[in-house]
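Residue strings, one per chain:
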Amino acid sequence: MARTIELELTVNGTLRRAEVHPAARLLDILRDEFRLVGTKEGCGEGECGACAVLLDGKIVNSCLVPAIQARGSEVVTVEGLAVEGQPGHLQAAFETANAAQCGFCTPGMLVAAADLLHRCDRPGETETRDALAGTLCRCTGYVKFVDAVVMAGGTRGGK
Ligand code: FES
Ligand code: FES
């Protein structure tokens, strides 16, 4: 039987523990151990951004992060952008702007947008396009995503 490692980390504000394979990725434990399936696996190679989460406040592609590297860290997934079980400010702006088609890229877009809004209260179109550039969307032209993020920043800035 493969050796396992014990991990303790904070996910969306809650202390979580897991026993995982040494080769497990952060993406694996979020989805398979903690059932936070909002985080998606697209390419598995760090190219598409579908698996983006915040790790100690910095955006990372969780498919590239060994789970052991997240030991003791704070992770925020797309589920963590909700406020008391309801869509947060940013999620509401995405809904208002109709900024999704199939929705596969949406969790990564939201995390990238949240990361931007943590750094910049009122991003303009250029900063927003730059911030979302690492998240690939095969359905849209990105216009509504950009509208949503600029709207969210203009009305509050933050989640
Ligand atoms: Fe991680 Fe594509 S699944 S970047
Ligand atoms: Fe389908 Fe972006 S809405 S991949």
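Preceding this paragraph is the structure being described.
Residues numbered from 1 in each chain as written. Chains lettered and ligands numbered in written order. Predicted model: local features only at pLDDT ≥ 70, side-chain atom pairs only at ≥ 80, totals over all residues. Heavy atoms only, no water.

Draft legend 1. Here's a closer look at the overall build of the chain. Helix and strand counts for the chain stand at 5 helices and 5 strands. Seen in sequence order, the chain has helices and strands lined up from the N terminus as β-β-α-β-β-β-α-α-α-α. At 15 Å, the chain has a C-alpha radius of gyration in line with the 15 Å of a compact globule built from 159 residues. Over its C-alpha atoms, taken along the principal directions, the chain stretches across nearly 50 × 30 × 25 Å. Of all 159 residues assigned to the chain, the portion counted as buried reaches 44%. Considering only contacts within the chain whose residues lie at least 6 apart along the sequence, 55% involve residues at least 24 apart. In the form shown here, the chain has an accessible surface area of approximately 8200 Å², with 48% of it arising from carbon and sulfur atoms. (Helix = DSSP H or I, 4+ residues; strand = E, 2+ residues; numbered from the N terminus. Rg over C-alpha atoms; globule rule 2.2 N^0.38 Å. Buried < 20%, exposed > 50% of the residue type's maximum accessible area, 1.4 Å probe, protein only. Contact = heavy atoms within 4.5 Å. Areas by Shrake-Rupley, 256 points an atom, 1.4 Å probe, with all protein chains shown as cover.)

Draft legend 2. Representation of the environment of Gly85 in the model. Relative to the assigned elements, Gly85 resides in the loop between β5 (74-76) and α2 (89-96). For Gly85, a relative accessible area of 69% translates into the label exposed.

Draft legend 3. Main features of the side chain of Thr135. Here Thr135 lies in the loop between α4 (125-132) and α5 (143-155). Not counting residues within four places of it along the chain, the set of residues in contact with Thr135 comprises Cys48, Gly49, Cys105, Gly108, Met109, Ala112 and Tyr142.

Draft legend 4. Local environment of the nonpolar core. Among the nonpolar cores identified, the biggest contains 27 residues, and Leu90, Phe94, Met109, Leu132 and Phe145 are the most heavily contacted of them. When contributions to this core are tallied by element, the ones reaching two or more residues are β3 (52-55), α2, α3 (106-119), α4 and α5. (Core = buried A, V, L, I, M, F, W, Y, C linked by side-chain atoms within 4.5 Å.)

Draft legend 5. Local environment of α3. Relative to the 20 Å expected for 14 residues at 1.5 Å per residue, α3 spans 20 Å between its end C-alpha atoms, a close match to the ideal helical length. Among the 14 residues in α3, 12 count as buried, and that is most of the element. Listed as buried for α3 are Thr106, Pro107, Gly108, Met109, Leu110, Val111, Ala112, Ala113, Ala114, Asp115, Leu116 and Leu117. Buried-residue contacts for α3 involve β3, β4 (58-61), α2, α4 and α5. (Expected span 1.5 Å × (residues − 1).)

Draft legend 6. Quick look at a negative patch on the surface. A cluster of like negative charges, contributed by Glu6, Glu19, Asp32 and Glu33, occupies part of the molecular surface. Relative to the assigned elements, Asp32 resides in helix α1 (residues 26-33). (Patch = residues over 30% accessible without salt bridge, like charges linked within 9 Å, V, L, I, M, F, W, Y side chains within 5 Å. Salt bridge = Lys/Arg side-chain N within 4 Å of Asp/Glu carboxyl O. Lys, Arg positive; Asp, Glu negative; His and termini not counted. Charge placed at Lys NZ, Arg CZ, Asp CG, Glu CD.)

Draft legend 7. Fine view of the packing of aromatic side chains. Here the structure, examined in full by the defined rule, presents 2 aromatic pairs. Relative to Phe145, the ring of Phe94 lies with its centre 5.9 Å away and its plane at 45°, an arrangement referred to as tilted. Here Phe145 lies in helix α5 and Phe94 lies in helix α2, a separation of 51 residues in the sequence. There is no split in this pair, since Phe94 and Phe145 are both buried. Centre to centre, the rings of Tyr142 and Phe145 are 6.2 Å apart; their planes meet at 65°, and the pair counts as edge-to-face. Linked through ring pairs, Phe94, Tyr142 and Phe145 together constitute an aromatic cluster. (Phe/Tyr/Trp six-rings, centres within 6.5 Å; stacked < 30°, edge-to-face > 60°.)

Draft legend 8. Up close: the packing of α3 against α5. Viewed as axis vectors pointing N to C, α3 and α5 meet at an angle of 35°, and their least axial separation amounts to 11 Å. Viewed along their axes, α3 and α5 form a crossing whose handedness is right-handed. On α5, the residues that touch Met109, Ala113, Leu116 and Leu117 of α3 are Phe145, Val149, Ala152 and Gly153. Looking at the contact of α3 with α5 residue by residue, the class counts come to 7 nonpolar, 1 polar and no charged. (Axes fitted to C-alpha atoms, helices over the stretch in contact; angles between N-to-C directions. Left-handed = near helix turned anticlockwise from the far one by under 90°. Nonpolar A, V, L, I, M, F, W, Y, C, P; charged D, E, K, R; others polar.)

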